[in-house]
Amino acid sequence: MKDLKGKTAFISGGAEGIGFHTARVLGQEGMKVMLADIDAKMLDQAVKTLKKEGLIVDGTVMDVSLRDGWEAAARKTFETFGNVHFLMGNAGVAVTGAQKHIEELDWRWIIDVNLMGIVYGCQVFAPHMKAHGQGAHIMNVASMAGLQGVSYSGPYCATKAAVVSLSEGWRTEFEKDGIEVSVLCPGFVKSRVYDSMRNRQERYGGPLYHDDLVKEKPARKMNKDIVVNGIDTDIAARRVLEALLANEFYVITHPHFRASQQERARKIDQAFESAQASPALKDVPREGFVLK
Ligand SMILES: NC(=O)c1ccc[n+]([C@@H]2O[C@H](COP(=O)([O-])OP(=O)(O)OC[C@H]3O[C@@H](n4cnc5c(N)ncnc54)[C@H](O)[C@@H]3O)[C@@H](O)[C@H]2O)c1
C-alpha cells in the first residue's frame, strides 16, 4: 500500500507493545487508527496518549478469540472512520514450559488467541476490503518462533508457524481481491509479552502474573530477560511501516537470525537428498504437481 494518508488501520492488541507503537507510526503517516484490545485500562491510556499527540485514533475493547467481538469492533470502526485498509492481526500471547507441563486449557487459550484471532479478523475484514476495492493490506503477526521450532515453546511456536503458513496461502488467494498479505516475524522486542498471562480470560484459567510464576519456577525469569533485552518497540513499528509501503511478505526485524534460517533450509534440502537416494522411493516420479 503506497498512499497511507487518510486511510484507516485496525490494530488488534493495540493497547501496548508492538501494536501501540505501530499505531503511533501509522498515525504520524496520516492514517486513522482503531486500537482494539482486551485490556480496557491500557487501551484507554493508549488512546488518550495518541490523541494528545494529535493523532486520529479511537479504541474498542474486544477479545480476539471471539468472533462476535470482531464483528462488533469492525462495525464500530466503519462507523467511526469509514472503510478499513490495513488490518494488523497483532494480539498474541505466549505459553512456555516443558511439554509435559502444558495443560489442554493452555493449548486452547493460545490457539484461540494466536490462531483463531487471526482467522476471525480475516473473515470479518477481507470481504469488506474486497468490496470497497480501494486496495488493502492484512499483516499477520507471527514470530521468528513461527519460522523455527524452539524447545520449551511448543504452543507458541505451533501457533506462530500456523500464522506463517496461512499467510503464505492467503498472499496468493487474496491477490485477485486487491488485498496484500504479509507476515511479521519479529525476534525479541521489548514488551510485556513475557507476562501475557496477565490478560488470560477466566474461561482459560484467569490471569496469572509473571512475578508469581517466577517465585514458583525461577527458570521462567529467563523469558523476561530475553524479551526486555530485545529491540525497542518503535524500531519494530518503523519496520512494519517500511514493509507495508514496500509490500514485503516475510517481514523480518532481526537480521542476525539469518544463519539459523539458512541452517534450517539446509537441513530440509538434505532431507530431499535422502529422499532422492531412498530405495523405498525409487519408483516415485521425480516430476509432478507441486502445491502453491
Ligand atoms: N515481544 C516480542 O519479543 C515478540 C516477538 C515475536 C512476536 N511477538 C508477537 O508480537 C505481538 C504483539 O506482542 P507484544 O510483544 O507487543 O506483547 P504485549 O503483551 O506488549 O502486547 C500484546 C497486546 O495484545 C493484547 N491482548 C492479549 N490478549 C488479547 C485478546 N485475547 N484480545 C485482544 N487483545 C489481546 C494485550 O492486552 C496487549 O496489549 C504478539 O502476537 C506476539 O506474539 C512478540
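Here, every reference points to the structure presented above.
Values in this document were obtained by computation on a predicted structure and should not be read as measured data.

Undergrad: What exactly am I supposed to notice about the overall build of the protein chain here?
TA: If you tally the helices and strands in the protein chain, you get nine helices and seven strands. Taken over the C-alpha trace, the protein chain has a radius of gyration of 20 Å; the compact-globule value for 292 residues is 19 Å, and the two agree within 12%. The C-alpha extent of the protein chain, read off along each of the three principal axes, is 65 × 50 × 35 Å. Contacts in the protein chain between residues far apart in sequence, at least 24 positions, make up 71% of those at least 6 positions apart. Accessible surface computed for the protein chain: about 15000 Å², of which carbon and sulfur atoms make up 55%. Of the side-chain charges in the protein chain, 37 are positive and 36 negative, and the distance between the mean point of each set is 2 Å.

Undergrad: Explanation requested: the pairing of strand β6 (residues 179-185) in the structure shown.
TA: The side chains of a regular strand alternate between the sheet's two faces. Where burial is concerned, most of β6 is hidden: six out of the seven residues are buried. Strand direction decides the pairing type here: strand β5 (residues 136-141) and β6, joined by six bridges, are parallel. The residue of β6 that forms the bridge with M139 is S182. For the handedness criterion, the β-α-β arrangement of β5, helix α5 (residues 154-173) and β6 is classed as right-handed.

Undergrad: Got a minute to help me understand the site of the ligand in this structure?
TA: Surrounding the ligand, one finds 31 residues, the nearest of these being D37, N90, Y156, V189 and S191. Contact between the ligand and V64: a nitrogen atom at 3.0 Å from a main-chain N or O atom of the residue. Within the contact set of the ligand, a nitrogen atom lies 3.5 Å away from a side-chain nitrogen or oxygen of Q201. Burial of the ligand by the protein chains amounts to 98% of its free accessible area of 830 Å².

Undergrad: What am I meant to see in the packing of aromatic side chains here?
TA: Given two aromatic rings, their pairing is described by the distance between the two centres and the angle made by the two planes. What the rule picks out here adds up to six aromatic pairs. Ring centres 5.5 Å apart and planes at 35 degrees place the aromatic pair F10 and W70 in the tilted group. Residue F10 is found in strand β1 (residues 8-12), and its partner W70 is found in helix α3 (residues 67-81); the two are separated by 60 residues along the sequence. As far as burial versus exposure is concerned, F10 and W70 are alike and both buried. For the pair F78 and F125, a centre-to-centre distance of 6.0 Å together with 85 degrees between the ring planes defines the contact as edge-to-face. With F78 in helix α3 and F125 in helix α4 (residues 104-132), this residue pair connects regions lying 47 residues apart in the sequence. Residue classification places F78 among the partly exposed residues on the basis of a relative accessible area of 30%.

Undergrad: Would you explain the pairing of β1 in this entry?
TA: Across the five residues of β1, five count as buried, placing the element largely inside the fold. Both faces of β1 are covered, namely the face carrying T8, F10 and S12 and the face carrying A9 and I11. Note that the unit made of β1, helix α1 (residues 17-28) and strand β2 (residues 32-37) has a crossover that is right-handed.

Undergrad: What am I meant to see in the sheet that holds β6 here?
TA: Spatially, seven strands are ordered β3-β2-β1-β4-β5-β6-β7 in an open sheet, and the strand pairing comes out parallel. Across the chains shown, the open sheet's two edge strands, defined by having one partner strand only, are β3 (57-61) and β7 (250-252). Neighbour to neighbour, the strand axes of the sheet diverge by 20 degrees on average, direction disregarded. Contacts between α3 and the sheet are confined to β1, β2, β3 and β4 (86-89), with β3 contributing the most and set at about 160 degrees to the helix.

Undergrad: I'm lost on the state of the cysteines in this one. Help?
TA: One covalent bond between the sulfur atoms of two cysteine residues makes up a disulfide. All told, the structure shown has zero disulfides when counted by the stated rule. In this structure C185 is a free cysteine whose sulfur lies 12 Å from that of C157, the closest cysteine sulfur available. With relative accessibility at 0%, the residue C185 sits in the buried group.

Undergrad: Just checking my understanding: could you explain the environment of N229 for this structure?
TA: On the secondary structure map, N229 appears in the loop between α7 (221-228) and α8 (233-246). Looking at N229, the relative accessible area reads 63%, which means it is exposed. For N229 and S191, which are 38 residues apart along the polypeptide, the C-alpha to C-alpha distance reads 9.7 Å.

Undergrad: Just to check I follow, could you spell out α5 for this structure?
TA: Quick reminder: α-helices carry 3.6 residues per turn. Residues three or four places apart thus point the same way. Its 20 residues place the ends of α5 28 Å apart at the C-alpha level, agreeing with the 28 Å of an ideal helix rising 1.5 Å per residue. Inspection of α5 places P155, Y156, C157, T159, K160, V163, V164, L166, S167 and W170 among the buried residues, and these make up the whole buried set. Looking at the buried residues of α5, the elements they touch are α4, β5, β6 and β7.

Undergrad: Help me out: how do you make sense of the pattern of salt bridges in this one?
TA: Two side chains that carry opposite charge are able to pair once their charged atoms sit near each other. Taken as a whole, this structure holds 19 salt bridges when the rule is applied. In this structure, K215 engages D212 in a salt bridge whose closest nitrogen and oxygen atoms are separated by 3.6 Å. Of this pair, K215 and D212 are both found in helix α6 (residues 210-216), three residues apart, which corresponds to roughly one turn of the helix. Note on K215: relative accessible area 67%, which makes it exposed. With its nearest N and O atoms 3.6 Å apart, the salt bridge here joins K282 to D283.

What counts, and where the lines are drawn
Residue numbering note: each chain is counted from 1, following its sequence as written. Whole-chain, interface and lining totals are the exception, using all residues; otherwise, since this is a predicted model, local features are given only for residues with pLDDT of at least 70 and side-chain atom pairs are given and counted only at 80 or more. Derived side-chain values reflect all non-hydrogen atoms in the structure, with water molecules and hydrogen atoms excluded from consideration. Numbered from the N terminus, helices here are DSSP runs of H or I no shorter than four residues, and strands are runs of E no shorter than two. Our radius of gyration is a C-alpha quantity, and the globule rule it is checked against amounts to 2.2 Å times the number of residues to the power 0.38. Contacts between residues were defined by any pair of non-hydrogen atoms, one from each residue, lying within 4.5 Å. A 1.4 Å probe and the Shrake-Rupley method give the accessible areas. Residues count as covered only by the protein chains that appear here. Counted charges follow a simple rule, with Lys and Arg positive, Asp and Glu negative, and His plus the chain ends left uncounted. Positions of charges follow a simple convention, taking NZ of Lys, CZ of Arg, CG of Asp or CD of Glu. A simple rule labels every residue: compare its accessible area, found with a 1.4 Å probe on the protein chains alone, to the largest value its type can have, and call it buried under 20%, exposed over 50%, or partly exposed in between. We call two strands paired when DSSP finds no fewer than two bridges between them. Viewed with both strands pointing away, a crossover whose connecting path from the first strand over the helix to the second turns clockwise is right-handed. For each residue, the test is whether any non-hydrogen atom lies within 4 Å of the molecule or strand; if one does, the residue is near. Pairing of N or O atoms within 3.5 Å defines a polar contact, subject to two protein rules: one partner must be a possible hydrogen donor and the other a possible acceptor, and residues neighboring in sequence count only if both atoms are side-chain atoms. Any two rings among Phe, Tyr and Trp, with Trp reduced to its six-membered ring, count as a pair given centres within 6.5 Å; such a pair is stacked if its planes are under 30 degrees apart, edge-to-face if over 60, and tilted if neither. Axis definition: a line fitted to C-alpha atoms, limited for helices to the stretch in contact. Angles are taken between N-to-C directions and run from 0 to 180 degrees. Disulfides are defined as pairs of cysteine sulfur atoms found within 2.5 Å of each other. The span expected for a helix works out to 1.5 Å for each residue beyond the first. Any carboxyl oxygen of Asp or Glu within 4 Å of a side-chain nitrogen of Lys or Arg constitutes a salt bridge here.

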